[in-house]
Amino acid sequence: MTDEVGVITGDVTLATVPQDGGLARIEIQYTDADEWYTLTGSPVPVPPDGLAALHARVVARVESGGAAHA
């Protein structure tokens, strides 16, 4: 689920981008497209286990479908 266009499906690319204040912005795009969208619920706090762990959890949510949120 994205803030800008709602649900997107198909082949997507996910980026977890660190921000100031211990937050991470989660962005998603159709693979090889120019436009990036904000995953609903983003930005989110980076958990104690780090950015890579957060990214892995968000990837799992997106792969499971069901209009995943950050």
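Up top is the structure these notes are about.
Presented here is a report on the structure given in the accompanying data block. The numbers attached to residues start from 1 for each chain and follow its sequence in the written order. At least 70 in pLDDT is required for a residue's local features to be given in this predicted model, at least 80 for side-chain atom pairs to be given and counted, and no such filter applies to totals for whole chains, interfaces and linings, which use all residues. Excluded from the side-chain calculation are hydrogens and water; included are all heavy atoms of the structure.

A closer look at the overall build of the protein
Item 1. Across its full length, the protein carries one helix and four strands.
Item 2. Radius of gyration here is computed from C-alpha atoms only, and the compact-globule reference equals 2.2 Å multiplied by the residue count raised to the power 0.38. For 70 residues, the compact-globule estimate of 2.2 N^0.38 gives 11 Å, and the C-alpha radius of gyration of the protein, at 11 Å, lies within 12% of that figure.
Item 3. With the principal axes as the frame, the protein shows a C-alpha extent of 30 × 20 × 20 Å.
Item 4. Within the protein, buried positions represent 33% of all 70 residues.
Item 5. Two residues qualify as a contact provided that any one of their heavy atoms is within 4.5 Å of a heavy atom in the partner residue. When contacts within the protein are restricted to residue pairs at least 6 apart in sequence, long-range pairs at least 24 apart make up 38% of them.
Item 6. Areas reported as accessible are Shrake-Rupley estimates using a 1.4 Å probe. Residue values count occlusion only from the protein chains shown. By element, 53% of the accessible surface of the protein is carried by carbon and sulfur atoms, the whole surface being about 4100 Å². Helix and strand assignments come from DSSP, with helices taken as H or I runs of at least 4 residues and strands as E runs of at least 2, each series counted from the N terminus. Only protein chains enter the accessibility calculation, which uses a 1.4 Å probe; a residue whose area is less than 20% of its type maximum is buried, one above 50% is exposed, and one in between is partly exposed.

Thoughts on the nonpolar core
Item 1. The set of buried Ala, Val, Leu, Ile, Met, Phe, Trp, Tyr and Cys residues whose side-chain atoms join them within 4.5 Å is what this entry labels a nonpolar core. Among the nonpolar cores identified, the biggest contains 10 residues, and these are Ile8, Leu14, Ala24, Ile26, Ile28, Tyr37, Leu39, Val44, Leu54 and Val58.
Item 2. Mapped onto this core, the elements with two or more residues apiece are strand 2 (23-30) and helix 1 (51-64).
Item 3. For this core, the element with the highest residue contribution is strand 2, accounting for three residues.
Item 4. Other than its neighbours up to four places away in sequence, Ile8 contacts Thr2, Ile28, Gln29, Tyr30 and Tyr37.

Comments concerning the pairing of strand 1 (residues 12-19)
Item 1. Criterion used throughout: strands pair if DSSP finds at least two bridges between them. With eight bridges joining them, strand 1 and strand 2 adopt antiparallel strand pairing. Note on strand 2: the bridge partner recorded for Val12 is Tyr30.
Item 2. What sits between the antiparallel neighbours strand 1 and strand 2 is a turn of three residues, in which Gly21 has the positive phi angle 80°.

Re the pattern of salt bridges
Item 1. Every case where a carboxyl oxygen of Asp or Glu lies within 4 Å of a side-chain nitrogen of Lys or Arg is listed as a salt bridge. Under the defined criterion, the tally for this structure stands at two salt bridges.
Item 2. Salt-bridge contacts for Arg57 lead to Asp49; the nearest nitrogen and oxygen are separated by 3.0 Å.
Item 3. When its relative accessible area of 35% is taken as the criterion, Arg57 is described as partly exposed.

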